[in-house]
Amino acid sequence: MSKLHEELNAQVSNWSVLYIKLHHFHWYVKGPHFPVLHAKFEELYELAALKLDELAERILAIEGKPVSTMKEFLSFATIKEADKTKTENDMLTATIADLQELIQGLEKAAATAEAAKDTATADVVIGQVEELQKQVWMLKSTLG
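None of these values were measured; they are calculated from a predicted model.

Some words on the pattern of salt bridges
Inference 1: Scanning the model with the defined rule gives 5 salt bridges in all.
Inference 2: A salt bridge links K51 to E54; its shortest N-O distance comes to 3.7 Å. With K51 and E54 both in helix α2 (residues 34–61) and 3 residues apart, the pair spans about one turn of that helix.
Inference 3: For K51, a relative accessible area of 14% corresponds to the buried category.
Inference 4: Given the relative accessible area of 30%, E54 is considered partly exposed.

So, in structure tokens, the structure goes:
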């Protein structure tokens with residue numbers, strides 16, 4: 001597995017773990033902001049589904065093999081599974097931290113792609129970074 005394939009697989013794994021974690025938050029959020037956060041977590045897990053698919057297909061396009069099992073996701077991911085004892089603020093804080101973790105990994109993958117002169121992959125990854133930065137800003141603003 002090339003360094004770029006490995007870094008992209010780590011982000012496919014992060015998106016996959018985050019997808020499940022966001023479902024958990026969507027199902028278990030409680031508190032005064034339930035309607036807003038319930039909808040936001042759904043929006044974010046739908047985004048995760050799109051982005052992990054985008055990266056997996058990019059890996060295939062550059063002749064790699066995307067990881068595709070829960071065991072692989074958990075072994076490659078730097079994002080951890082959800083803890084069942086989270087408050088609204090804990091869920092928001094964890095989501096912000098996870099999105100920032102994704103941003104860091106994606107930026108690293110973009111740099112590796114650029115070094116390999118794979119501008120198409122770099123563009124895909126940088127587009128995801130831009131979208132995540134906006135989400136982080138929105139979630140931080142929600143926390144106050």
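Points about the nonpolar core
Inference 1: Formed by 40 residues in total, the largest nonpolar core has its most connected members in L8, W15, F41 and L102.
Inference 2: Taken together, the elements giving at least two residues each to this core come down to α1 (3–28), α2, α4 (88–115) and α5 (119–143).
Inference 3: The element that contributes the greatest number of residues to this core is α4, accounting for 11 residues.
Inference 4: Excluding residues that lie within four positions of it along the chain, L102 makes contacts with Q11, N14, W15, L18, I79 and L132.

What about the side chain of T95?
Inference 1: When you line up the elements, T95 lands in helix α4.
Inference 2: Every residue in contact with T95, bar those within four places of it in the chain, is listed here: L22, F25, F41, L44 and L139.

A closer look at unusual backbone geometry
Peptide bonds are trans in most cases, and residues, glycine excluded, mostly fall at negative phi.
Inference 1: In this structure, E63 is a non-glycine residue whose phi angle is positive, near 65 degrees.
Inference 2: Tracing the chain through its elements places E63 in the loop between α2 and α3 (70–76).
Inference 3: You will see that K117, though not glycine, has its phi angle at about 60 degrees, which is positive.
Inference 4: One can find K117 in the loop between α4 and α5.
Inference 5: By relative accessible area, which is 73% here, K117 ends up exposed.

Quick look at the side chain of T112
Inference 1: Here T112 shows up in helix α4.
Inference 2: By relative accessible area, T112 is classed as buried at 13%.
Inference 3: Setting aside residues up to four positions removed in sequence, T112 forms contacts with K3, L4 and E7.

Things to note about the packing of α1 against α2
Inference 1: With their axes 8 Å apart at the nearest point, α1 and α2 run at an angle of 160 degrees to one another. The angle between the axes of α1 and α2 places the two elements in the roughly antiparallel class. Judged by the sense of rotation from one axis to the other, the crossing of α1 with α2 is left-handed.
Inference 2: The residue makeup of the contact of α1 with α2, split by class, is 16 nonpolar, 7 polar and 2 charged.

Rules and cut-offs
Positions within a chain are numbered from 1, following the residues in the order the chain's sequence is written. Side-chain atom pairs in this predicted model are given and counted only at pLDDT of 80 or more, local residue features only at pLDDT of at least 70, and totals for whole chains, interfaces and linings cover all residues. For the side-chain quantities, the full set of heavy atoms in the structure was used; hydrogens and water were omitted. Here, a salt bridge means any side-chain nitrogen of Lys or Arg that lies within 4 Å of a carboxyl oxygen of Asp or Glu. Only DSSP runs of H or I covering at least 4 residues are called helices, and only runs of E covering at least 2 are called strands; the numbering of each starts at the N terminus. Only protein chains enter the accessibility calculation, which uses a 1.4 Å probe; a residue is then buried when its area is under 20% of its type maximum, exposed when over 50%, and partly exposed in between. Joining through side-chain atoms within 4.5 Å is the link that ties buried Ala, Val, Leu, Ile, Met, Phe, Trp, Tyr and Cys residues into a set, and such a set is a nonpolar core. Here, two residues are considered to be in contact whenever any of their heavy atoms come within 4.5 Å of each other. Comment: axis = line fitted to C-alpha atoms, over the contacting stretch for helices; angle = value between 0 and 180 degrees taken between N-to-C directions. The cut-offs work like this: below 35 degrees is roughly parallel, past 145 is roughly antiparallel, 65 to 115 is roughly perpendicular, and the gaps in between are oblique. Handedness of each helix crossing follows the sense of rotation of the near helix against the far helix: counterclockwise by less than a right angle gives left-handed, clockwise gives right-handed. Nonpolar residues are Ala, Val, Leu, Ile, Met, Phe, Trp, Tyr, Cys and Pro. Charged residues are Asp, Glu, Lys and Arg, and all others, Gly as well, are polar.

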